[in-house]
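What the coordinates show
Residues per chain are reported as follows:
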Amino acid sequence: MRDYLPLGETLLDTDTGILSFTSGEKSIFMPRLNLRREGENVAISAGFGPVEIAMRLRYAELARIISHLTPVDGLGAARQVGNGQVSIMLGLQTDGSMLVRPMLILDSSGHVVYNFQLTTASTTALRQWLGV
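Residues numbered from 1 in each chain as written. Predicted model: local features only at pLDDT ≥ 70, side-chain atom pairs only at ≥ 80, totals over all residues. Heavy atoms only, no water.

1. What to know about the pattern of salt bridges
For the structure shown, the criterion picks out 2 salt bridges. For E38, the salt bridge goes to R56, with nearest N and O atoms at 2.2 Å. With E38 in strand β4 (residues 31–38) and R56 in strand β6 (residues 51–58), the pair connects residues that are 18 residues apart, well separated along the chain. Overall, E38 belongs to the partly exposed group, its relative accessible area being 29%. A salt bridge links R58 to E40, with the nearest nitrogen and oxygen atoms 3.8 Å apart. Of this pair, R58 sits in strand β6 while E40 sits in the loop between β4 and β5 (41–48), and the two are 18 residues apart along the sequence. For R58, a relative accessible area of 48% translates into the label partly exposed. Overall, the relative accessible area of 59% leaves E40 in the exposed class. (Salt bridge = Lys/Arg side-chain N within 4 Å of Asp/Glu carboxyl O. Helix = DSSP H or I, 4+ residues; strand = E, 2+ residues; numbered from the N terminus. Buried < 20%, exposed > 50% of the residue type's maximum accessible area, 1.4 Å probe, protein only.)

2. Focus on helix α1 (residues 59–67)
All of the buried residues in α1 are Y59, L62, A63, I65 and I66. Buried positions in α1, seen along its axis, are confined to an arc of 165° and lie on one side of it. (Arc of directions from axis to C-beta.)

3. Overview of the sheet that holds β6
Spatial strand order, β2-β3-β4-β5-β6: 5 strands in an open sheet with antiparallel pairing. Both edges of this open sheet fall to β2 (9–13) and β6, since each of them pairs with a single strand only. Direction aside, neighbouring strands of the sheet carry axes that sit 15° apart on average. Direction of pairing for β2 relative to strand β3 (residues 18–22): antiparallel, over a ladder of 5 bridges. Paired with T10 across the two strands is F21, which belongs to β3. (Pairing = 2+ DSSP bridges. Axes fitted to C-alpha atoms, helices over the stretch in contact; angles between N-to-C directions.)

4. Considerations on the side chain of S87
Mapped onto the secondary structure, S87 falls in strand β8 (residues 86–92). Under the relative-accessibility criterion, S87 is labelled buried at 0%. For S87, the residues in contact, after removing those within four places along its chain, are M55, Q80, V81, G82, R101, P102, M103 and I105. (Contact = heavy atoms within 4.5 Å.)

5. Considerations on empty space enclosed by the protein
For the structure shown, the criterion picks out 1 cavity of 30 Å³ or more. There is about 50 Å³ of room inside the largest cavity. As for the largest cavity, its lining consists of L33, L35, I44, L62, I66, I88, L90, M98, V100 and L126. Listed by contribution, the elements that provide at least two residues to the lining of the largest cavity are β4, α1, β8 and β9 (98–107). Partitioning the lining of the largest cavity into residue classes produces 10 nonpolar, no polar and no charged. (1 Å grid on protein atoms, 1.4 Å probe; cavity = no way out; pocket = protein on both sides within 12 Å on 5 of 7 lines; lining within 4 Å. Points joined across faces, edges and corners; volume = space filled by probe spheres on them. Nonpolar A, V, L, I, M, F, W, Y, C, P; charged D, E, K, R; others polar.)

6. So, the packing of α1 against helix α2 (residues 120–130)
In contact at an axis separation of 10 Å, α1 and α2 are set at 135° when each is read in the N-to-C sense. The pairing of α1 with α2 is recorded here as oblique in orientation. Helix-helix and strand crossings are classified by hand; for α1 and α2 the assignment is left-handed. Packed against α1, whose contacting residues are Y59, L62, A63, I66 and S67, the element α2 presents L126, R127 and L130 at the interface. (Parallel < 35°, antiparallel > 145°, perpendicular 65-115°, else oblique. Left-handed = near helix turned anticlockwise from the far one by under 90°.)

Put into structure tokens, the structure is as follows:
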């Protein structure tokens, strides 16, 4: 069974264009998810403490996948965006929250993944930021 860290605080920095999600926990190990539009791509940084997974995904693909998610409880991730090295798995829950699993694939023997859950308000902020 996976444990998901809730990310309920949302901040949009209008100067940098970075959309940030955090748990609100103020510590060195604060979980965080940051997104920034870079032309046709979205730069994503997911971290917990000093460890970070960074990726660049196609904006259009990420927006399309999120706009077509349907709520399914109990399913870890309904859709995946990315490639063979990095991807983000997404799943919408019936309460409006979204499961977000940024993943770095090491090789066939393992991977590193963060298990985050955006609250309903954070999910709404992400959808508005993407324009979906």
